[in-house]
Amino acid sequence: MESLDIASLREIQLLKLQRLLVRVYETSAYYNEKFRRADVNPHKFRTWEDYSAYPFFDKDEERASQEQSRQVYGHPFGMHICCNPRSIQRVSASSGTTGTPTYGGYTRRDREIFFENSNRAYVRMDLVPGDRVLFAGVMSMWVGGVPFIDGLLNYGACVIPVGALSGVERVAQTAADTRPDLMLCTPSFALYLIEKIPERTNLNPRDFGIKKICVYGEPGGSIKEIYSRISEGFGGAETYDISGGTGTHSPLAISCEAHAGMHYFADDNALLEIVDPKSLQPLPLEDGVEGEMVFTGLERDCGPLVRWRDKDIVRVTTAPCECGRPGYRLEFRGRSDDMLLVKGVNVFPNAVRDVVIRTSSEVTENVRIVKRTASPVVEPPVEINVELKSETTEDQKLTISRAIEAALHAALHFRASVRLFDRGQLKVEYGATGKLRILDKRY
Ligand SMILES: [Zn+2]
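Fair warning: this is a prediction, and the values are worked out from it, not measured in the lab.

Cut-offs used in this document
- Residues numbered from 1 in each chain as written.
- Predicted model: local features only at pLDDT ≥ 70, side-chain atom pairs only at ≥ 80, totals over all residues.
- Heavy atoms only, no water.
- Axes fitted to C-alpha atoms, helices over the stretch in contact; angles between N-to-C directions.
- Helix = DSSP H or I, 4+ residues; strand = E, 2+ residues; numbered from the N terminus.
- Parallel < 35°, antiparallel > 145°, perpendicular 65-115°, else oblique.
- Contact = heavy atoms within 4.5 Å.
- Nonpolar A, V, L, I, M, F, W, Y, C, P; charged D, E, K, R; others polar.
- Pairing = 2+ DSSP bridges.
- Buried < 20%, exposed > 50% of the residue type's maximum accessible area, 1.4 Å probe, protein only.
- Phe/Tyr/Trp six-rings, centres within 6.5 Å; stacked < 30°, edge-to-face > 60°.
- Lys NZ or Arg CZ within 6 Å of the ring centre and 35° of its normal.
- Expected span 1.5 Å × (residues − 1).
- Arc of directions from axis to C-beta.
- Left-handed = near helix turned anticlockwise from the far one by under 90°.
- Salt bridge = Lys/Arg side-chain N within 4 Å of Asp/Glu carboxyl O.

A.B. asks: Explanation requested: the packing of helix H7 (residues 168-178) against helix H8 (residues 187-200) in the structure shown.
C.D. replies: The description of two packed helices rests on the angle between their axes and on the distance between the axes. Direction vectors running N to C along H7 and H8 enclose 90°, while the axes themselves pass 10 Å from each other. When the axis of H7 is compared with that of H8, the two are roughly perpendicular. Contacts between H7 and H8 pair Val 168, Glu 169, Val 171 and Ala 172 from the former with Phe 189, Tyr 192, Leu 193, Lys 196, Ile 197 and Arg 200 from the latter. Here the residues of the contact of H7 with H8 sort into 7 nonpolar, no polar and 3 charged.

A.B. asks: Quick question: what am I supposed to make of the sheet that holds strand E18 (residues 382-388) here?
C.D. replies: As a general point, the strands of a sheet are linked pairwise by backbone hydrogen bonds and lie either parallel or antiparallel. In spatial order, the strands read E17-E18-E19; together these 3 strands make up an open sheet with mixed pairing. Among the strands making up the open sheet, the edge pair consists of strand E17 (363-369) and strand E19 (416-421). With strand direction ignored, the average angle separating the axes of adjacent strands in the sheet is 25°. Strands in contact with helix H10 (residues 349-359) are E17 and E18; relative to E17, the strand with the most contacts, it is inclined by about 145°.

A.B. asks: Please clarify how the pairing of strand E12 (residues 290-297) should be interpreted in this entry.
C.D. replies: Side chains on a regular strand alternate between the two faces of the sheet. Counted residue by residue, E12 has 7 buried out of 8 residues, so it is predominantly covered. Two elements, E12 and strand E13 (residues 308-317), share 5 bridges in a ladder whose sense is antiparallel. From the neighbouring strand, Val 294 faces E13, where its bridge partner is Arg 309.

A.B. asks: What is the right way to look at the sheet that holds strand E5 (residues 182-185) in this model?
C.D. replies: Spatially, E4-E3-E5-E6-E7-E8-E9-E14-E13-E12-E10-E11 is the arrangement adopted by the 12 strands of the open sheet, whose pairing is mixed. One side of each edge strand has no neighbouring strand; the edge strands of this open sheet are strand E4 (158-160) and strand E11 (282-283).

A.B. asks: Before we go on, may I ask you to explain the packing of aromatic side chains in this structure?
C.D. replies: Any pair of aromatic rings gets described here by the distance separating the centres and the angle formed by the planes. All chains considered together, the criterion is met by 17 aromatic pairs. Aromatic side chains Phe 135 and Phe 148 sit 6.0 Å apart centroid to centroid with 55° between the ring planes, which places their arrangement in the tilted category. A residue pair is termed long-range when its members are at least 10 positions apart, and Phe 135 in strand E3 (residues 132-135) and Phe 148 in helix H6 (residues 146-155) qualify at 13 residues. Comparing Phe 135 with Phe 148, the two get one shared label, buried. Within the aromatic cluster, the residues linked to one another by ring pairs are Tyr 25, Tyr 30, Tyr 31, Phe 35, Phe 45, Tyr 51, Tyr 54, Phe 57 and Trp 308. Directly above the ring of Tyr 51 sits Arg 307, whose terminal nitrogen or CZ lies 5.1 Å from the centroid.

A.B. asks: Which parts of the structure should I look at to understand helix H11 (residues 394-412)?
C.D. replies: In a regular helix each residue adds 1.5 Å, so 19 residues correspond to 27 Å; H11 covers 26 Å between its end C-alpha atoms and thus fits that length. Every buried residue of H11 is listed here: Lys 397, Ile 400, Ser 401, Ile 404, Glu 405, Ala 407, Leu 408 and Leu 412. Down the axis of H11, the smallest arc covering the buried residues is 165°, so these residues share one side. Set apart from the buried face of H11 by more than 90 degrees, the exposed residues are Asp 395, Thr 399 and Ala 410. Where H11 is buried, its residues meet H10, E17, E18 and E19. Backbone geometry just after H11 places His 413 at a positive phi near 65°.

A.B. asks: Looking at this model, I keep getting lost on the packing of H8 against helix H9 (residues 224-233). Mind explaining?
C.D. replies: One way to put it is that H8 packs onto H9 with a least axis distance of 10 Å and a crossing angle of 45°. Put simply, H8 runs oblique to H9. Where H8 crosses over H9, the handedness of that crossing is left-handed. In contact with Pro 187, Ala 190, Leu 191 and Ile 194 of H8, H9 contributes Ile 226, Arg 229, Ile 230 and Gly 233.

A.B. asks: It is not clear to me how the pairing of strand E2 (residues 103-107) should be interpreted in this structure. Could you clarify?
C.D. replies: Within E2, 4 of the 5 residues are buried, which leaves it mostly tucked inside the rest of the structure. Across 5 bridges, the pairing between strand E1 (residues 88-93) and E2 is antiparallel. Its bridge partner being in E2, Arg 90 is matched across the sheet by Tyr 106.

A.B. asks: Can you walk me through the pattern of salt bridges in this structure?
C.D. replies: Following the criterion strictly, the structure yields 28 salt bridges and no others. We note a salt bridge from Glu 365 to Arg 229, for which the minimum N-O separation is 2.4 Å. Taken together, the positions of Glu 365 in strand E17 and Arg 229 in helix H9 put the pair 136 residues apart, joining distant regions of the chain. The class of Glu 365 is buried, set by a relative accessible area of 16%. Residue Arg 229 is classed as partly exposed on the basis of its relative accessible area of 28%. Note that Lys 397 and Glu 394 form a salt bridge whose closest N and O atoms lie 3.6 Å from each other. Pair noted here: Lys 397 and Glu 394 are both in helix H11, with a separation of 3 residues, about one helical turn. The exposure class assigned to Lys 397 is buried, which follows from its relative accessible area of 15%. Glu 394 sits in the exposed class, given a relative accessible area of 59%.

Shape descriptors only; they carry no functional weight alone.
Next up, the structure:
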């Protein structure tokens, strides 16, 4: 499936899509009504143009559907599910950082397709059954938690589920004792380990013998300054960045040794559309196209989400990769809900961070944009707080902040006012999913 040309994949997708649309229309009163309201009939569905008339699905709608099913049926999976709730074997929850969590159910069939996608990712990392894998993510019901372990066990890996919440000392001791081939965690946790292990133990992450580190859950694994520091801190381990999409059987894409974007490898079960974030019109999947990702899990058994708006903005590369592996590549640009508007220009926070850490070797990745209102519109000069690696004189501080302001102006075309903080003064903590969370509301 991964090696098929895009035209053959499109044919398979269209057949599966037709089947999916008829299935949800016939088995779910919710979809039946939704499609009728949008004036589309799956029995008449023939072409890709037909699909562009189908309505989208988003987080607010999913939340409302699940609220309703709690009241009507007494289960949290939503009015839109197409299976008997008793056939659900595993439940995942969204991280809930943007409101009430939503729940996704996985039947036996859903787990099998999830296994298939996981296997594709592991083969791409050259992981073989029997390899030792240290799981240092958070072992929660989040998609990047226990489900990961489910996939690794199925693959035949030797799983060491230490979990990020066991603390730096325990993770370090376990890694030193078990000498894993691969470690899985968020990029910020990998950086945190590099800093804290030598401080708190007499161990050094370089000596663990870890050959590969696969990061997920946050941007970072595809940013050179970040994956290079992770690799270096763990004695030259190869790093991979893995990601997925809501409503599908994630993972769907993984980076390679060339670090030239994430190869998409799941076209046969996760239909990806790239749409214009404003007009929501589908864009052709071709080299250089940039837009918002929309997913349809073509084989989702329990709760198919038809045309799910993931709100992630990506750039597509279709040119062959130097690693030789198949699959067009995606470069994550930011989230459409995190996007700022400065003088009418779209600015992604991670683009700001990229420029800042590229400009000075004296700063950490801890970069904050200060926003005083809920609106995405920010008036220049944009306030940016940056953490310094070590003690610096006032003169040096001035030079660094001026250099960053000039670089931001040159690269992103807005005026910034950069404020530098000594190490430890811009506090961060990890939320329930292991992702970074901002504690100090003043910044
Ligand atoms: Zn590649």
